[in-house]
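A closer look at the structure
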Amino acid sequence: MQTICTAGFNRMRDLWDEMFDANLCLAYAKQLPDHMTAFFEEVYQESNKRRERFRLDLQRLLGEQQQGLPAGIEYRPLFDQLSALDASLDQMKQKLSQRHEIIDEYLLEMETLCEGRDFVEPQTLSKDPLPKERKLVEFRSYLDHLIAEKMLCQEDIFYLRQETKKLMCCLETIPITKEQQGLLNARKFPPTYESLKQHIDDTRRKLERLWQCLETDPAIVEKCEKLTSYTTTFD
C-alpha cells in the first residue's frame, strides 16, 4: 500500500513540476494528505454501511430460524456468517415445502376415504404450526386404518350382494325393473320409493289371481284388500 501511495505521489509531483513553480507544487503536495484522508474516509463509510447491512440481515435471518449459527461460525467474517445462514435457510425452506406437500397429500387422501362415510369423523392436520414428525406418523397410521376399514366394507357389500342374489334365486324372484337390478350391482343403495310402490302393486295383482285359483275365503280376501296404504305394516 505504501509503495502504491509513493508511486502515485511521485507521478503527481513530476506532473506538477512540469506545470507549476516550486512554491505552487509544494502547496499542492501539502493538500494531498487531506485528499487521501477524504478518499479513505469515503471508502470507510461506504464499507461501514455495508457492514451494518450485514448485521441487520444476520439478525433477520436468525429470527427466521431456531437453530441459529453453526458452532464456531460467529468468529468468522460477517459475510461468511451471512452465507452460512442463507444456505441453512434454503435447506429449511426446502424441508418446509416438502412437509407441506405431504400434508396436502394426506388431507386429500383422507377426504377421498371419508367420502360417503358420514359415520367417520375426519381428523385435522394443520400447516401452522407445522406438525411434528410424530404427528405425521400418527396421521399416516390413521389413513392406513381408514383404508383397511374401507376394504373390509367393500368386501361386506360384495358378500351381501351375492347372498341377496342367491336368496332371490331360491325364491324364484327377479328384479322387477332396471332400477332394482341396479341396486344389486351398484356400490351405493339410494332409496327407490317409486320402484317399491310398483312392486307392491304387482304383488297385489298376483295375489288376486292366486286367491281366485285357490278359492280363498272371501273374508280373508276382504281383509287384505282393505290394506291399501304403502306404509302399512301387519303381522
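What you see is a predicted model, and the numbers here were worked out from it, not measured in a lab.

This part takes up the overall build of the chain. When you go through the chain residue by residue, the secondary structure sums to seven helices and zero strands. If you list the helices and strands of the chain from N to C, you get α-α-α-α-α-α-α. Within the chain, the fraction of its 235 residues that count as buried is 17%. Taking contacts inside the chain between residues at least 6 apart in sequence as the whole, the part at least 24 apart equals 47%. Just so you have it, the chain exposes about 19,100 Å², and 57% of that area is on carbon and sulfur atoms.

With that settled, consider the nonpolar core. Counting twelve residues, the largest nonpolar core consists of I103, Y106, M110, L113, C114, V120, L125, L136, F139, Y142, L143 and L146. Looking at this core, the elements with two or more residues in it are α3 (78-114) and α4 (133-170). Counting residues in hydrophobic clusters, the runner-up holds six residues, among them L58, L61, L82 and L89.

Let us now look at the confidence of the model for the chain. Per-residue pLDDT for the chain averages 76, and the proportion of residues at 70 or more is 73%. The element-level mean pLDDT for the chain is lowest in helix α5 (residues 178-185), coming to 64, with helix α1 (residues 2-19) highest at 85.

A few words now on α3. Residues that lie three or four places apart on an α-helix share one face, since the helix turns once every 3.6 residues. Between its terminal C-alpha atoms α3 stretches 53 Å, which fits the 54 Å expected from 37 residues at 1.5 Å a residue. Just beyond α3, the residue with positive phi is G116, at close to 75°.

Taken as a whole and judged by the stated rule, the model has five aromatic pairs. Both rings, one in F39 and one in F40, keep their centres 5.4 Å apart while their planes meet at 65°; by these two values the pair is edge-to-face. Ring centres 6.1 Å apart and planes at 15° place the aromatic pair Y106 and F139 in the stacked group. Linking Y106 in helix α3 with F139 in helix α4, this pair joins segments that are 33 residues apart in sequence. Classification of Y106 as buried rests on a relative accessible area of 13%. By relative accessible area, which is 1% here, F139 ends up buried. One aromatic cluster is present, built from ring pairs that chain together W16, F20 and Y28.

Calculation notes
- Residues numbered from 1 in each chain as written.
- Predicted model: local features only at pLDDT ≥ 70, side-chain atom pairs only at ≥ 80, totals over all residues.
- Heavy atoms only, no water.
- Helix = DSSP H or I, 4+ residues; strand = E, 2+ residues; numbered from the N terminus.
- Buried < 20%, exposed > 50% of the residue type's maximum accessible area, 1.4 Å probe, protein only.
- Contact = heavy atoms within 4.5 Å.
- Areas by Shrake-Rupley, 256 points an atom, 1.4 Å probe, with all protein chains shown as cover.
- Core = buried A, V, L, I, M, F, W, Y, C linked by side-chain atoms within 4.5 Å.
- pLDDT = per-residue confidence, 0-100.
- Expected span 1.5 Å × (residues − 1).
- Phe/Tyr/Trp six-rings, centres within 6.5 Å; stacked < 30°, edge-to-face > 60°.

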